[in-house]
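Take a look at the letters that make up each chain.
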Amino acid sequence: MKLDIENKILIPFMIVLILSIATLGIVSYWNGYKLLLNNEIQNRSNHLEEIMLHMEDIHLQVLQEKLSIEEAKLEVIRFYSELRREGFFIITEDEVMLNHFNTEEEWTDEFLPMTRTRNDETIQFEKNIFIYRIYREWNWIIGYGVHKSMFSQEVLETQKYMVLLSIVSLMFSMQAAIFIAHNISKPIKLLADLCDKIGMGSLQEKITIKRNDEIGMLAKAFNNMTHKLQMNTAQLMKMTELNEDILRNISTGIITTDQKGNETSINPAAQDMLCSVQKDEVKSWTIRQTLQHQIQQTLDSKESIHHIHVFEDDIENRKLYVDVMTSLLKGETGKVRGAICSFRDITEGKHIENNMETLDRLTSMGQFAAGMAHEIRNPLAGMKTSVQVLQKRLLHEDQSSNSKLFKGVLYEIDRINQLITDLLNFAKPKKPRYEVLNIKGILERTLALMDKGELKKNIKIDVVDYPEELLSFVDRGQIEQVFLNIIKNAVNAVSHEGTLKIILDKCQENSKNWAVIKFQDDGCGISSEDIGKIFDPFYTTSSQGTGLGLSVVYELVKENKGSIQVNSRVGKGTEFRLTFPLYGIT
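Give a description of the overall build of the protein chain that names residues and reports values.
Per the secondary structure count, the protein chain includes 13 helices and 17 strands. The burial tally for the protein chain puts 35% of its 586 residues in the buried class. Looking at the protein chain as shown, the accessible area adds up to about 37500 Å², and 54% of this sits on carbon and sulfur atoms.

Here it is as C-alpha cells:
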C-alpha cells in the first residue's frame, strides 16, 4: 500500500511517541521493582543481624552452663516458630529445622550447594531470592526466602496512576502529531501537485502560501525556480532549433552513436548521401560497414580517427572517395556518451586534384622536353666534334691520341643513357612493391652499394643509430635509390675534408609515429633563391649533373607515403629530413 506524505510524517511521529512512553513506563516499572527488591533485601538482612545477636546470647548461656546445647537449639526453634515470620527458615546440611517459606518446589537441594561456593549472603534464582547468614557455632543456615512475583504485583499497584497518565498523554500526543503532520503535509502536497503540472508542461503555475517559516521560503524558491525554468526552457528551445537547423542544412553527414556503437541520430545530409548509393545495395552496405567499423575503432581506442576511404563504383566505372572523421562524443563533465562520425563525399575534389597532378606532370614533361633538347644537344655536339677530329686524323694516319677521343665519345654516350634513365624514372616510376622493412637495414645496404670511387678520400660519414628498429611499409629499391641520390648530392657538396652525418630517429606528428632520417653535410649549402627549385626537373648547379636526381627522390618519397624537407645555409651546410610512417605503431 502506497502511503501519502501525511501518513509518512505521522507514522514516524506515532512510533516515536509510543516508543518514548513505553520506554518511560518500562524504566519506571523496572526502577520501582528494583527499589522494592532492594528495600526488602535490606530489611530482611537487618532482621537476620538481630537474629544472629539473639543466638549469640543463647549460646552465651550454653557457655555459662545455664542451658545445654540441645535445650538452647530447641529454645531458638520454639521462639521463631511461634513468631511465624513469612519466609523464615533454619536448616543444616542434613535437615530442615524450621521452614516458613511456602513454595511448591524443592529448593534446599539447589540452595545448599550455593552456600558452600559463594561468599555473599544473597542468592537469586529465577523465581526466588534467599537472604541468609551462617551461624558457625551450630552450623546452622538462617535466612529468608522471598518470591519475586510479589514485587511485580506491588509495583503495578503503586504505579497504576502513572500508567493511566501515560495513556492520556499518549492520546494527546497522537492528536498533536496528527495536527502537525497535516499542517506540514498540506503545502507539500500542494507543491507536489504543481510539480506534476509542471512536468506535464504547464510552466505558468504559481503557488501561494502566506507563511513566514521554511515552508513559505520554499514556496518563494519554487516560484523563482519555475520562472527561471521558463526562461531556460525558452533558451534551450532556441538552441535546439538552431542545432537542428545546422544539422539539417550542413552538407556534411553526421551520425551519432551510443557507447555500444548503436546509431542514435543521423542528419539529412547523411541520409541523402547513403540513399544516393542505395541503388547499389552492396556499395551502400560497404559504406555503412566502413563507417561503423571506424566508429567502433574510435570507441575502442578512445582517440579521434581521420581516414579517406576509397570505394569502387563498378556501375559507373569510377572511384568514390569519402572523407570520414570519427571522435568521442563527450558531455560537459567529460564523460564519454558515445561517438560522432562526420563524413563527406570528396570524389569531385579528388578528381580535380588528380587532374591538377596530371596537369603538373604534363607541365613538367614540357620542361623535360626543353631540357632534354638542350642536354642531349650538348653531348651530341661533343660526340660530333670528336668524330670529326678522328676522321681528319685517320686521313693523316696520325692515331697517337685517338684513344682519348674515343673515351670522350663513350663518356658522352653514358651521359645520354643516364639522362634517359632518370627521365623514365621520373616520368613513369615503377609500381612500388611494399613490404615491412627496417630503415636502418636499407641505409646500411645503400652505403655498402656506394662506389668507393665516388667518395672523396677525406670525407667522413657518421651514422647516429636509433636503439629500436624503425620498421616501415615501403619499397626497398625505391628507398635505396632515394638514399643513394641524397648521399651523392651531399658528397658532391662537401669539400675534400668534410663530414656527412646521417641520423636515425623517430617522432610523432599529427597523432602518428614516423621514422626520421636526417642527412646533414657541412658543404657549400644552397642559397635561398635556389632552394625552392632543387626538386624541379633538370635544375642543377653541377656541370656533371642531369638535374633529375632530386626530382626522382621527391617522387619516390611521395610514392612511399613519406615527406621530405630541406634546410640549408650558404657556407654552413644542408640538411635533408625524410619521414616515413612507422609500421604497427599508432
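This is not the end of the story, as more comes after the structure.
How would you explain the sheet that holds strand S2 (residues 96–99) if you had to name every residue and give the values?
Read from one edge to the other, the open sheet built from five strands follows the order S2-S1-S5-S4-S3, with strand pairing classed as antiparallel. Edge positions in the open sheet fall to S2 and strand S3 (122–124), since each of these has one partner strand only. Pairwise comparison of adjacent strand axes, ignoring direction, gives a mean angle of 20° for this sheet. Pairing geometry for S3 and strand S4 (residues 128–135), over three bridges, is antiparallel.

Could you give me a rundown of the sheet that holds strand S15 (residues 512–521), with the residues and numbers involved?
Hydrogen bonds between backbone atoms are what pair the strands of a sheet, whose relative direction is either parallel or antiparallel. On the basis of which strands lie adjacent, the open sheet formed by five strands has the order S12-S14-S15-S17-S16 and mixed pairing. Each of the sheet's edge strands pairs with one partner strand only, and the pair in question is strand S12 (459–464) and strand S16 (563–569). Averaged over all pairs of adjacent strands, the angle between strand axes in this sheet comes to 15°, irrespective of strand direction. As paired strands, S12 and strand S14 (residues 498–509) are joined by six bridges and run parallel to one another. For Asp462, the partnering residue across the bridge sits in S14 and is Lys501.

Outline a nonpolar patch on the surface, supporting the account with residue identities and numerical values.
Side chains of Phe13, Phe179, Ile180 and Ile184 sit close together on the surface and give an oily, nonpolar patch of about 350 Å² of accessible area. Among the elements that line the nonpolar patch, the one with the most residues is helix H5 (residues 160–199), at three residues. Checked against the element boundaries, Ile180 lands in helix H5. Residue Ile180 is classed as partly exposed on the basis of its relative accessible area, which comes to 36%.

Tell me about the pairing of strand S6 (residues 253–257), residues and numbers included.
Within S6, five of the five residues are buried, which leaves it mostly tucked inside the rest of the structure. Where burial is concerned, the two faces of S6 agree: the one with Gly253, Ile255 and Thr257 and the one with Ile254 and Thr256 are both buried. Pairing analysis gives five bridges linking S6 to strand S10 (residues 336–345), with the strands arranged antiparallel. The residue bridging Thr257 from the neighbouring strand is Ala339, located in S10. One ladder, built from three bridges, connects S6 with strand S7 (residues 263–266); its direction is antiparallel. Bridging across to S7, Thr257 finds its partner in Glu263. Here S6 hands over to S7 after five residues, with Gly261 in that stretch at a positive phi of 90°.

Please give an account of unusual backbone geometry that cites residues and values.
In the Ramachandran plot, Asn139 falls in the positive-phi region, its phi being about 60° despite a non-glycine side chain. Following the sequence through the fold, Asn139 ends up in the loop between S4 and strand S5 (140–147). Of note in the backbone geometry, Lys302 takes a positive phi value of approximately 60° without being a glycine. Among the secondary structure elements, Lys302 is positioned in the loop between helix H8 (281–301) and strand S8 (305–313).

Go over the nonpolar core, please, and point to the residues and values.
Val482, Phe483, Ile486, Ile517, Phe519, Phe576 and Leu578 are the most contacted members of the largest nonpolar core, which totals 37 residues. Mapped by element, the contributors of at least two residues to this core are helix H11 (439–449), helix H12 (476–493), S14, S15, helix H13 (549–559), S16 and strand S17 (573–581). It is H12 that contributes the most residues to this core, eight residues altogether. Setting aside anything within four residues of it in sequence, one finds Ile517 in contact with Ile439, Phe483, Ile502, Ile503, Leu504, Phe576, Arg577, Leu578 and Phe580.

Please provide a residue-by-residue account of H12, values included.
What sets the pattern is the α-helix's 3.6 residues per turn: residues three or four places apart point alike. Taking 1.5 Å per residue, 18 residues should reach 26 Å; H12 reaches 26 Å between its end C-alpha atoms and fits that length. Of the positions making up H12, those classed as buried are Gln478, Ile479, Glu480, Val482, Phe483, Leu484, Asn485, Ile486, Ile487, Ala490 and Val491.

Summarise the packing of H11 against H12; cite the residues concerned and give the values.
Packed helices, taken two at a time, are described by their axes: the angle between them and the distance between them. The interhelical angle for the contact between H11 and H12, taken along N-to-C directions, is 55°, at an axis separation of 9 Å. Taken together, the axes of H11 and H12 are oblique relative to one another. Crossing geometry of H11 relative to H12 is assigned as right-handed. In this structure, H11 contributes Ile439, Ile442, Leu443, Arg445, Thr446, Leu447 and Leu449 to the contact, and H12 contributes Arg476, Ile479, Glu480, Phe483, Leu484 and Ile487. Here the residues of the contact of H11 with H12 sort into nine nonpolar, one polar and three charged.

Got a sec to walk through the packing of aromatic side chains? Specific residues and values, please.
By the definition in use, this model includes 18 aromatic pairs. For the ring pair Phe101 and Trp107, a centre distance of 5.8 Å and an interplane angle of 80° mean the geometry is edge-to-face. We classify Phe101 as buried; its relative accessible area is 4%. For Trp107, a relative accessible area of 7% puts it in the buried group.

Break down the side chain of His47 for me, with residues and values.
With respect to the helices and strands, the residue His47 is situated in helix H1 (residues 5–63). Judged by relative accessible area, His47 falls into the buried class, the value being 14%.

Pulling in residues and values, what's your account of the pattern of salt bridges?
Side chains bearing opposite charge may pair, as long as their charged atoms lie close to each other. Throughout the structure, instances matching the rule amount to 12 salt bridges. With a shortest N-O distance of 2.6 Å, Arg78 and Glu75 are connected by a salt bridge. Here Arg78 pairs with Glu75, and both are found in helix H2 (residues 69–83), just three residues apart, close to one helical turn. In this structure Arg78 comes out as partly exposed when scored by relative accessible area, which is 38%. Assessed through its relative accessible area of 30%, Glu75 is described here as partly exposed.

Which residues make up H11, and what values go with them?
Among the residues of H11, those classed as buried are Ile439, Ile442, Leu443 and Thr446. Viewed end-on, H11 has its buried residues packed into an arc of 100°, placing them on one side of the element. Along its buried surface, H11 packs onto strand S11 (434–438), S12, strand S13 (471–475), H12, S14 and S15.

I'd like to hear about the environment of Asn489, residue by residue, with values.
Of note, Asn489 is situated in helix H12. Considering only alpha carbons, one finds Asn489 and Gly549, 60 residues apart in sequence, at a separation of 8.5 Å.

I'd love a proper account of the environment of Ser551, names of residues and values included.
Assignment of secondary structure puts Ser551 in helix H13. Judged by relative accessible area, Ser551 falls into the buried class, the value being 1%. Between the C-alpha atom of Ser551 and that of Phe535, which follows or precedes it by 16 residues, the distance is 4.6 Å.

Rules and cut-offs
Residues numbered from 1 in each chain as written. Predicted model: local features only at pLDDT ≥ 70, side-chain atom pairs only at ≥ 80, totals over all residues. Heavy atoms only, no water. Helix = DSSP H or I, 4+ residues; strand = E, 2+ residues; numbered from the N terminus. Buried < 20%, exposed > 50% of the residue type's maximum accessible area, 1.4 Å probe, protein only. Areas by Shrake-Rupley, 256 points an atom, 1.4 Å probe, with all protein chains shown as cover. Pairing = 2+ DSSP bridges. Axes fitted to C-alpha atoms, helices over the stretch in contact; angles between N-to-C directions. Patch = residues over 30% accessible without salt bridge, like charges linked within 9 Å, V, L, I, M, F, W, Y side chains within 5 Å. Salt bridge = Lys/Arg side-chain N within 4 Å of Asp/Glu carboxyl O. Core = buried A, V, L, I, M, F, W, Y, C linked by side-chain atoms within 4.5 Å. Contact = heavy atoms within 4.5 Å. Expected span 1.5 Å × (residues − 1). Parallel < 35°, antiparallel > 145°, perpendicular 65-115°, else oblique. Left-handed = near helix turned anticlockwise from the far one by under 90°. Nonpolar A, V, L, I, M, F, W, Y, C, P; charged D, E, K, R; others polar. Phe/Tyr/Trp six-rings, centres within 6.5 Å; stacked < 30°, edge-to-face > 60°. Arc of directions from axis to C-beta.

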